[in-house]
Amino acid sequence: MDYDLRYMRRAIQLAKSSPADTHPNPNVGAVIVAGDRIIGEGYHRRCGQPHAEVNAVASVAPADRPLLADATIYVTLEPCSHYGKTPPCARLIIDSGIPRVVIACGDPFDKVRGRGVAMLRDAGVEVVEGVLEDEARRLNPKFFTAHTFQRPFVTLKWAQSADGFMDALRDPSQPAFRFSTPLDAALVHRERALHDALLTTASTLLSDNPRLDVRLWGGPNPAVAVIDRCGVIDETAASRLNLFSRPDRRIIMLTSRPLQLPGVENVEVTPATPISEMLSLLYRHGITSIMTECGPRLLQSLIDARLYDTVRVYTSPHTLGDRGTAPAPLMPGKAEPAP
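Bear in mind the structure is a predicted one, so any value in this text is a computation, not a measurement.

Asker: Just checking my understanding: could you explain the sheet that holds strand S1 (residues 29–34) for this structure?
Answerer: The strands making up a sheet associate through hydrogen bonds between their backbones, and the pairing can be parallel or antiparallel. Taken in spatial order, the 5 strands line up as S2-S1-S3-S4-S5 in an open sheet, and their pairing is mixed. Unpaired on one side and paired on the other, strand S2 (37–43) and strand S5 (126–129) mark the two borders of the sheet. The sheet shows a mean angle of 15° between the axes of neighbouring strands, taken without regard to direction. The pairing of S1 with strand S3 (residues 72–77) spans 4 bridges and is antiparallel. The partner of Ile32 across the bridge, within S3, is Ile73. Across the face of the sheet, helix H1 (residues 2–15) comes into contact with S1, S2, S3 and strand S4 (100–105) while running at roughly 145° to S1.

Pasting the structure below:
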């Protein structure tokens, strides 16, 4: 087992080399060992490109190809068994003649879950499971959360004053009060790029008119999911909002009144639809991770329902006092601020 641990640690190290833009796919590493020598290794570099196993097999030198017949491949996640953007990796391993596969953890995705292991064993491949499983699972918290609980991984994010307010008294024509520094703003845009989608509300769009993009960081603009239970955003209102000015943005409207605009995906909800059901609907639309860009009401509803996985709070050193509005949400066990 020490032998297996050594090479699985190398596979985990390779998985950590994966850039952030593999999402919604997981970060995966693979190592091929013959005798006591690594003859091939690879990791998943980008969504839609070859998986770790493919890159590992491709890296084997022509002179070492005959060694595959006696080799072991170490993979941090169960090899896929279905045709997606790439062919199934379990089939590649079988066709390559590798007789032994060591897997850190199973894949919770419905199209794979156990099927990759079954395909390998049916072909006579020896499969060892559970080597450094906990370490491997920690590589991909968003992936495992989404496919285990059938909802996106949820990051709560907000900025507040030192005395716990998310906004200040202002004229409706004035922009939302800013608490973050330029560095904070860049880091927020980085976090946006690391999520499939941003979660906001119709009231936030109408009051703040945000762009919700990643202009301060390199990376793809995430989709935007808008909760509009009462259907207050119509085509006229949308024409005045920054979010709808870019036809290349993916916008998912969780609404009781469909919005007839190009590129907008309408998901029917009612004023009574619970937030848990809306998250499940987003998962069914391919959203595996989401970050909030909203006011305290939605934040508090997610907190109260225990529907969050990580929290990022940017706190300004300045207080607002009597000018403060929109008190920040309360986490479990946190007392109300003193008057």
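What follows continues from the structure just given.
Asker: Even after reading the chapter, I still don't get the packing of helix H3 (residues 89–96) against helix H4 (residues 115–122), so can you show me in this structure?
Answerer: Two numbers describe a pair of packed helices, the interaxial angle and the distance between the axes. Axis separation between H3 and H4 bottoms out at 9 Å; the angle between their running directions is 20°. Classified by the angle between their axes, H3 and H4 sit roughly parallel to one another. Seen along the crossing, H3 lies across H4 with a hand that is right-handed. Only Gly116, Met119 and Leu120 of H4 make contact with H3, whose side of the interface consists of Ala90, Arg91, Ile93 and Ile94. Looking at the contact of H3 with H4, its residues break down into 5 nonpolar, 1 polar and 1 charged.

Asker: When you look at the pairing of S4 in this model, what are you seeing that I'm missing?
Answerer: The side chains of a regular strand alternate, residue by residue, between the two faces of the sheet. Extensive coverage of S4 is indicated by the burial of 6 of its 6 residues. Taken together, the 5 bridges between S3 and S4 define a ladder with parallel strand orientation. When the sheet's bridge partners are listed, Tyr74 is paired in S4 with Val102. Pairing of S4 with S5, which is carried by 4 bridges, proceeds in the parallel orientation. Bridge pairing in S5 places Arg100 opposite Glu126. This β-α-β element, S4 to H4 to S5, shows right-handed connectivity.

Asker: In this structure, what is going on with the pattern of salt bridges? I would like to understand it.
Answerer: Side-chain pairs of opposite charge can arise whenever the charged atoms involved come near each other. In total, this model carries 17 salt bridges according to the counting rule given. Arg170 is paired through a salt bridge with Asp167; the nearest N and O atoms lie 2.9 Å apart. A relative accessible area of 26% means that Arg170 is categorised as partly exposed. Between Arg215 and Asp213 there is a salt bridge, with the nearest N and O atoms lying 2.4 Å from each other. Among the ionic contacts, a cluster of salt bridges with common partners joins Asp4, Arg100 and Glu126.

Asker: Hey, could you run me through the environment of Pro247 in this one?
Answerer: Here Pro247 is to be found in the loop between helix H9 (235–238) and strand S10 (251–255). For the pair Pro247 and Gly263, spaced 16 residues apart in sequence, the C-alpha to C-alpha distance is 6.5 Å.

Here is what the cut-offs are and how they apply
- Residues numbered from 1 in each chain as written.
- Predicted model: local features only at pLDDT ≥ 70, side-chain atom pairs only at ≥ 80, totals over all residues.
- Heavy atoms only, no water.
- Pairing = 2+ DSSP bridges.
- Helix = DSSP H or I, 4+ residues; strand = E, 2+ residues; numbered from the N terminus.
- Axes fitted to C-alpha atoms, helices over the stretch in contact; angles between N-to-C directions.
- Contact = heavy atoms within 4.5 Å.
- Parallel < 35°, antiparallel > 145°, perpendicular 65-115°, else oblique.
- Left-handed = near helix turned anticlockwise from the far one by under 90°.
- Nonpolar A, V, L, I, M, F, W, Y, C, P; charged D, E, K, R; others polar.
- Buried < 20%, exposed > 50% of the residue type's maximum accessible area, 1.4 Å probe, protein only.
- Right-handed = clockwise from strand over helix to strand, strands pointing away.
- Salt bridge = Lys/Arg side-chain N within 4 Å of Asp/Glu carboxyl O.

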